[in-house]
Structures are given as structure tokens and as C-alpha cells.
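The residues making up each chain are set out below.
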Amino acid sequence: MKGLGTDEDAILQLLTARTNLQRQEIKESYKTLFGKDLVDDLKGELGGKFETLIVALMTPPLAYDVTALRNAIKGAGTYEKVLIEILASRTANQVKDIVAAYRQEYDASLEEDVCGDTSGHFQRLLVILLQALFKAGEEKFGTDEQAFVTMLGNRSAAHLRKVFDAYMKISGYEIEESIKRETSGNLEELLLAVVKCARSVPVYFAETLYTAMKGAGTDDDTLIRVMVTRSEVDLMDIRKDFRRLFSGSLHSMIKGDTSGDYRKALLLLCAGDDE
């Protein structure tokens, strides 16, 4: 980065080839050697979507989730998509860590902040997911919506898959069909996300990535968030499911939808073409 111009290639190749833990170590060494904050220096040198991606890669996973949720709640209008994605896909233990880290960082309750910005059954299921320890079947159901909320608030994927099979046998419908029929808007999106994640988290993210890129325009925020947060978790599985579901590779879709250093860095994260 020093002197005139920036060697973006060196930056993106170095950082995409390391784990998040290694990036934190690089950040510490950088501070020790040069007395400067690496992330601040990167922000000063880079711009646009490429900068957003690189800064995301430099952020510890827990801090990244916490910041994403905070921005989703406190930004202009609540960005429900982020609340849905993070709270439906993270494990119960991850959610506990997120809740604790959120309180530490902002001296505020994530549950209260979510409640302040959402309403109805959508709010109720978000809160249940945040509590991460709800026991299924403790309440008498009122509406169908309430039944879905209570049933899907249970965090055990294995248990939920059995529930879905039983639901299919009893009703003759896949639970997704009933959710689409009975609910709408944010509640429908959240219920479907919870069902998809219970069935398969990689499939959920393969679909999320496809939706972010299909048609005109790209939802870069989602593309960056998913590629960064899943890169060390299940990206190989996501790539496999993407290929199977959409008869093309994740690599080729990213290549066709992005450009420049931003594209180079994303393709390095993707790490392989499954065409």
C-alpha cells in the first residue's frame, strides 16, 4: 500500500488465501510493525464493493454478524433480509454468542432492539430464535400462523425434519406449500428460511446466492455477506448444491455478475469452478 498506487492483486491474493484467524494475526503484526490499523489503511486505499468485501474478510465472524444485525436494525428502515438470514441459519450456540457480543458491543439487548423494529408473528418468531432454547409443543395453537411460529421456533434441525415428514403424511402437503398459502411478507420469508435451514443450510445459501445474482442487477450486500460468512464453514457444499440446483457453477455466475478486483477476490474465495 505504501507509495503511489495500490497493489490490489497482492492484497486480494494474500487475504483470500488466509483463514479469518490468520487475518487477525496479520492485523496484529501490522499494528506492531507499523503502528497503524490495517483495516483503516485498507479503507484509505480501496473503494466501493471491493473495499466492502476486503473489510468484511478482515472482520472476526462473530463481530461481523453482530455489526450486520445492528446495521439491519438501526439503519434507515429495518433490513429484514439480514435478520432473517442470520437468525435462521446460525446454530443455537452461535446465536447465544451473538446475543452476548451484541450486549457487550452496544450495551443494548438484541431482543429488545429487534422487538422495537418489528411486529406480529414475525417479531415473535425472531424472538424465539434469539432465545434459542424453545421447546416445541408447549403452547396451544390459535391461528395457523401461530402454529407455524411455535413449531418452527424449535432449534433442533433433526427434530424439525421429523416434524416436516409427519406434516406431509398428515396433510398431504409439504410444509413449504402450507406456509406460502397461509402466510405472507416477512413472516413467510422467515418461516421458509427456517424450514430451508432445517432441511439443509448449504441449499439455503445456494438459493440465497442465486437470488442475489439472478435477473437484472446484483444484490452485492448479500453476495458479500454470504461469501464471507460461509467461506470457512460450508462453501464447498454450497457450491455442490448450487451446481445441482441451477445447472451452472457458482463460479461462473459470480464471474458473469461482477467485475474488476471485486470479481477477482470473490472468485478466489469461491476457490474453484464446478462447470
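The rules we used
Residues numbered from 1 in each chain as written. Predicted model: local features only at pLDDT ≥ 70, side-chain atom pairs only at ≥ 80, totals over all residues. Heavy atoms only, no water. UniProt positions renumbered as here; feature names shortened; annotations may be inferred. Core = buried A, V, L, I, M, F, W, Y, C linked by side-chain atoms within 4.5 Å. Buried < 20%, exposed > 50% of the residue type's maximum accessible area, 1.4 Å probe, protein only. Helix = DSSP H or I, 4+ residues; strand = E, 2+ residues; numbered from the N terminus. Contact = heavy atoms within 4.5 Å. Axes fitted to C-alpha atoms, helices over the stretch in contact; angles between N-to-C directions. Parallel < 35°, antiparallel > 145°, perpendicular 65-115°, else oblique. Left-handed = near helix turned anticlockwise from the far one by under 90°. Nonpolar A, V, L, I, M, F, W, Y, C, P; charged D, E, K, R; others polar. Expected span 1.5 Å × (residues − 1). Disulfide = S-S within 2.5 Å.

- The chain appears in an unreviewed UniProt entry as Annexin from Neogobius melanostomus.
- In its Sequence similarities (unreviewed entry) section, UniProt records this for the chain: "Belongs to the annexin family."

**Description of the nonpolar core**
Phase 1 of the analysis: The biggest cluster of nonpolar side chains holds 81 residues, and the ones touching the most others in it are Leu 53, Leu 209, Met 227, Leu 250 and Ile 254.
Phase 2 of the analysis: In terms of residue count, helix α13 (residues 185-199) provides more of this core than any other element does, nine residues in total.
Phase 3 of the analysis: Apart from the residues within four sequence positions on either side, Leu 209 is in contact with Leu 223, Val 226, Met 227, Ile 238, Phe 242 and Leu 250.

**Thoughts on the packing of helix α6 (residues 80-89) against helix α14 (residues 201-213)**
Phase 1 of the analysis: The interhelical angle for the contact between α6 and α14, taken along N-to-C directions, is 160°, at an axis separation of 11 Å. Regarding the angle of α6 to α14, the classification is roughly antiparallel. For the pair α6 and α14, the crossing hand works out as left-handed. For the pair α6 and α14, the contacting residues are Ile 84, Glu 85 and Ser 89 in the first and Val 201, Tyr 204, Phe 205 and Thr 208 in the second.
Phase 2 of the analysis: Among the residues making up the contact of α6 with α14, the classes are represented as four nonpolar, two polar and one charged.

**Focus on helix α9 (residues 120-131)**
Given 3.6 residues per helical turn, the α-helix brings residues three or four places apart onto the same face.
Phase 1 of the analysis: For α9, spanning 12 residues, the distance from its first C-alpha to its last is 17 Å, which sits close to the expected 16 Å at 1.5 Å a residue.
Phase 2 of the analysis: For α9, the full list of buried residues reads Phe 122, Leu 125, Leu 126, Val 127, Ile 128, Leu 129 and Leu 130.

**Re the state of the cysteines**
Phase 1 of the analysis: Following the criterion strictly, the structure yields zero disulfides and no others.
Phase 2 of the analysis: Cys 197 carries a free sulfur, and the closest cysteine sulfur to it, the one in Cys 270, is 20 Å from it.
Phase 3 of the analysis: For Cys 197, a relative accessible area of 8% puts it in the buried group.

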